[in-house]
Amino acid sequence: MNIILIAYLFIFALFGTAASYFVRFIYAYWIQNKMPLEYIIKAAGCLIMVAIISALIPRLN
């Protein structure tokens, strides 16, 4: 499999993971009346990894 396709697969998976952390945060905030910042930090980590992978894709050609 092409390395660029694998990078796109990782980006897709990281976006899904970040979205699930945001949904968990919204659920905890609205339903449980808590504000766990660990979900926001983990989602931000996923988005930073997406940015790093996206910056590396042109170098893979």
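Below: a short report on this structure. For clarity, every value in this text was computed on a predicted model and none was experimentally measured.

### As for a nonpolar patch on the surface
Together, Ile26, Tyr27, Tyr29, Trp30, Ile31, Met35, Leu37 and Ile41 make up a nonpolar patch on the protein surface, roughly 930 Å² of accessible area in all. Listing elements by their share of the nonpolar patch, those giving two or more residues are helix 1 (3–30) and helix 2 (37–56). Ranked by residue count, the leading element in the nonpolar patch is helix 1, at four residues. Of note, Tyr27 is situated in helix 1.

### Here's the deal with unusual backbone geometry
Despite not being glycine, Asn33 has its phi angle at roughly 55°, a positive value. On the secondary structure map, Asn33 appears in the loop between helix 1 and helix 2.

### As for helix 2
With 20 residues, helix 2 should reach 28 Å at 1.5 Å per residue; the first-to-last C-alpha distance of 29 Å fits that figure. Burial in helix 2 covers these residues: Tyr39, Ala43, Cys46 and Val50. The buried side chains of helix 2 occupy one side of the element, clustering within an arc of 55° when seen end-on. Facing away from the buried side of helix 2 by over 90 degrees, the exposed positions are Leu37, Ile41, Ile48 and Ala55. As for helix 2, its buried residues are in contact with helix 1.

### Looking at the packing of aromatic side chains
The geometry of two aromatic rings is summed up by the distance between their centres and the angle between their planes. Under the counting rule described, the total for this entry stands at two aromatic pairs. Ring plane angle 10° and centroid distance 6.2 Å describe the contact between Phe25 and Tyr29, whose orientation is recorded as stacked. Of this pair, Phe25 and Tyr29 both sit in helix 1, separated by four residues, roughly a single helical turn.

### Here's the deal with the packing of helix 1 against helix 2
Their axes nearest at 8 Å, the elements helix 1 and helix 2 cross at an angle of 160°. By the angle between their directions, the pair helix 1 and helix 2 is classed as roughly antiparallel. Classified by chirality, the crossing of helix 2 by helix 1 is left-handed. For the pair helix 1 and helix 2, the contacting residues are Ala7, Phe10, Ile11, Leu14, Phe15, Thr17, Ala18, Tyr21, Phe22, Arg24 and Phe25 in the first and Tyr39, Ile40, Lys42, Ala43, Cys46, Leu47, Met49, Val50, Ile53 and Ser54 in the second.

What counts, and at which threshold
Residues numbered from 1 in each chain as written. Predicted model: local features only at pLDDT ≥ 70, side-chain atom pairs only at ≥ 80, totals over all residues. Heavy atoms only, no water. Patch = residues over 30% accessible without salt bridge, like charges linked within 9 Å, V, L, I, M, F, W, Y side chains within 5 Å. Areas by Shrake-Rupley, 256 points an atom, 1.4 Å probe, with all protein chains shown as cover. Salt bridge = Lys/Arg side-chain N within 4 Å of Asp/Glu carboxyl O. Helix = DSSP H or I, 4+ residues; strand = E, 2+ residues; numbered from the N terminus. Expected span 1.5 Å × (residues − 1). Buried < 20%, exposed > 50% of the residue type's maximum accessible area, 1.4 Å probe, protein only. Arc of directions from axis to C-beta. Contact = heavy atoms within 4.5 Å. Phe/Tyr/Trp six-rings, centres within 6.5 Å; stacked < 30°, edge-to-face > 60°. Axes fitted to C-alpha atoms, helices over the stretch in contact; angles between N-to-C directions. Parallel < 35°, antiparallel > 145°, perpendicular 65-115°, else oblique. Left-handed = near helix turned anticlockwise from the far one by under 90°.

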